[in-house]
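Architecture at a glance
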Amino acid sequence: MKVCFSIVLHGAVYITATFAADPNNCNTANKERSGSDFTLKENADNTYLSGLASKLANRRATVSQVLDSANHALTSEPLTRPISAYMWEHTADFNDEATEKWVPQGLTSTADSLAVGTVEGRSAWLVSWHLEDNTSVRVTFVDQESKKYRHALLVNPVAGDTFKAVPVHAGGMAWYGNTLWVVDSSGGDGAVGFRVFDLSNIWTMDSGGDTVMGKSGSSYYAMGYKYVIPQIRSYTWNRSFNFQFSFVALDRSTTPDSLLVGEYQVADATAPRRLARWDLDYTTRKLKTSAGIASASWAYCVDIDRMQGAVSNAGKVYISRSNGDSNGDLWAWTPGNAAKNNAGFFPPSPEDLSWDTRTDTFYGLTEAKNKRYILTYKKSQVSV
Ligand SMILES: *[C@@H]1O[C@H](CO)[C@@H](O)[C@H](O)[C@H]1NC(C)=O
Ligand SMILES: *[C@@H]1O[C@H](CO)[C@@H](O)[C@H](O)[C@H]1NC(C)=O
């Protein structure tokens, strides 16, 4: 809420003062905040990307090629509520359900990328996993038809011939056109906000080189991963108070398209629990900015503990909440009304959410060891 008033000075000069609610204090009756208090700075594009892209042009792979190279398979699991639930490959030789090295976090799909819902005619999920110490991120390409998948690595070009791992927690992801948006919450190198990656420059690495990053002789490696996705640019938080970039989802039902971001906080944390929305420019696949600054178009204190994901569509917001080893909750909210808790809606440890307008379904994933699922639900299953 904004309170505006004018002061008349010497009968002629008008000074208008605007007292917006403190963006960093949620202990007020009115919960709406001014989006203009939530700002991100758009940083310059990576200077090495275009040079490397020309150098590695003959290694460029399409999304379809990555999907066709899938070397692992999901298994279908009979859970009651979701209309589908899949587990990661878990065999004696290879176990993505139990690995503690990598933990699944962010989720997006081809339905985010393009309004038609497919990319190169394919339907796929992308899932981000953080390394146990947040020093690297892998992104899994999952074919929704074959249920097969392949992991790739996010990289940041740091010189003409080399790149390094991306040290973030990657709690949320959104695919927009050929860009992949990853939230930077842990501030692995001091920054917080978004990192944007280039899905039109997926590069094929040579086989082997399990401990090598970048060029070695005439070969290129990325710790043994077959494909890498390079960073294009980043957006860094530009306010003196903190905002936790815990998760992100694309909303194609707003005009313009927008990204919804929210904050995870444990129950006894004193920090705020907010959601904020930033508008996108579909012609550039960038945030809408003014003088290099992207201001949120909306921000709200939602005051829900342990938010792990949020997605909005057609004016409604859907929020996942984790409850330790117990089932997760789904809060459904129409701003202006009270949020409704669909208690125990998710299996334990729900994370990022993502919408599919083709079918009015939404996707979720869970991170708990041996209970890691990719889940699909119908919007009509949610009590709003
Ligand atoms: C990784 O990042 C998350 C999210 O910011 C944080 O809660 C966690 O403590 C980090 N873990 C390590 C080992 O730094
Ligand atoms: C916001 O960005 C401006 C322009 O780059 C910079 O001078 C300023 O230090 C930034 N403020 C914060 C709090 O990051």
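These lines cover the structure that appears in this document, whether it is placed above or below. (Residues numbered from 1 in each chain as written. Chains lettered and ligands numbered in written order. Predicted model: local features only at pLDDT ≥ 70, side-chain atom pairs only at ≥ 80, totals over all residues. Heavy atoms only, no water.)

**Digging into the sheet that holds strand E8 (residues 84–87)**
Spatial strand order, E7-E8-E33-E32-E31: five strands in an open sheet with antiparallel pairing. Bordering the open sheet on either side are strand E7 (75–76) and strand E31 (350–356), each of which pairs with just one other strand. As defined by bridge partners, E8 adjoins strand E33 (residues 373–378) across four bridges and the pair is classed as antiparallel. By the bridge assignment for E33, methionine 87 is matched with tyrosine 373. (Pairing = 2+ DSSP bridges. Helix = DSSP H or I, 4+ residues; strand = E, 2+ residues; numbered from the N terminus.)

**Considerations on unusual backbone geometry**
The omega angle of the peptide bond from threonine 255 to proline 256 is -5 degrees, so this bond is cis rather than trans. In this structure, proline 256 sits in the loop between strand E21 (247–251) and strand E22 (258–262). Residues other than glycine seldom take positive phi values, yet methionine 223 does so here, at roughly 55 degrees. Within the fold, methionine 223 resides in the loop between strand E19 (219–222) and strand E20 (227–237).

**Concerning the sheet that holds strand E29 (residues 326–333)**
Taken together, the four strands give an open sheet; going across it, the order is E27-E28-E29-E30, and neighbouring strands pair in antiparallel fashion. Across the chains shown, the open sheet's two edge strands, defined by having one partner strand only, are strand E27 (307–313) and strand E30 (340–348). Averaged over all neighbouring strand pairs, the angle between strand axes comes to 25 degrees, with direction disregarded. Of the strand pairs in this sheet, strand E28 (residues 316–323) and E29 are connected by six bridges, and their pairing is antiparallel. Counted as the bridge partner of isoleucine 319 is tryptophan 331 from E29. (Axes fitted to C-alpha atoms, helices over the stretch in contact; angles between N-to-C directions.)

**Overview of the site of ligand 2**
The environment of ligand 2 is formed by Lys41, Trp237, Asn238 and Arg239. Within the side chain of lysine 41, one N or O atom sits 3.3 Å away from an oxygen atom of ligand 2. Contact between ligand 2 and asparagine 238: an oxygen atom at 2.4 Å from a side-chain N or O atom of the residue. When ligand 2 is considered free in solution it has 360 Å² of accessible area, and contact with the protein chains removes 39% of it. Broken down by class, the residue content of the shell around ligand 2 amounts to one nonpolar, one polar and two charged. (Near = heavy atom within 4 Å. Polar contact = N/O pair within 3.5 Å; in protein donor to acceptor, adjacent residues only side chain to side chain. Areas by Shrake-Rupley, 256 points an atom, 1.4 Å probe, with all protein chains shown as cover. Nonpolar A, V, L, I, M, F, W, Y, C, P; charged D, E, K, R; others polar.)

**Observations regarding the packing of aromatic side chains**
Under the counting rule described, the total for this entry stands at 30 aromatic pairs. Here tryptophan 355 and phenylalanine 362 contribute two aromatic rings whose centre-to-centre distance is 5.7 Å and whose plane-to-plane angle is 10 degrees, an arrangement assigned as stacked. A residue is classified by how much of its surface remains accessible, and tryptophan 355, at 3% relative accessible area, is buried. Assessed through its relative accessible area of 0%, phenylalanine 362 is described here as buried. One aromatic cluster in this structure is built from Phe38, Trp181, Phe194, Tyr235, Trp237, Phe241, Phe243, Phe245 and Trp278. Against the face of tryptophan 129 rests arginine 138, its NZ or CZ located 4.2 Å from the ring centre. Here arginine 277 stacks its cationic end above the ring of tryptophan 298, 5.7 Å away from the centre of that ring. (Phe/Tyr/Trp six-rings, centres within 6.5 Å; stacked < 30°, edge-to-face > 60°. Buried < 20%, exposed > 50% of the residue type's maximum accessible area, 1.4 Å probe, protein only. Lys NZ or Arg CZ within 6 Å of the ring centre and 35° of its normal.)

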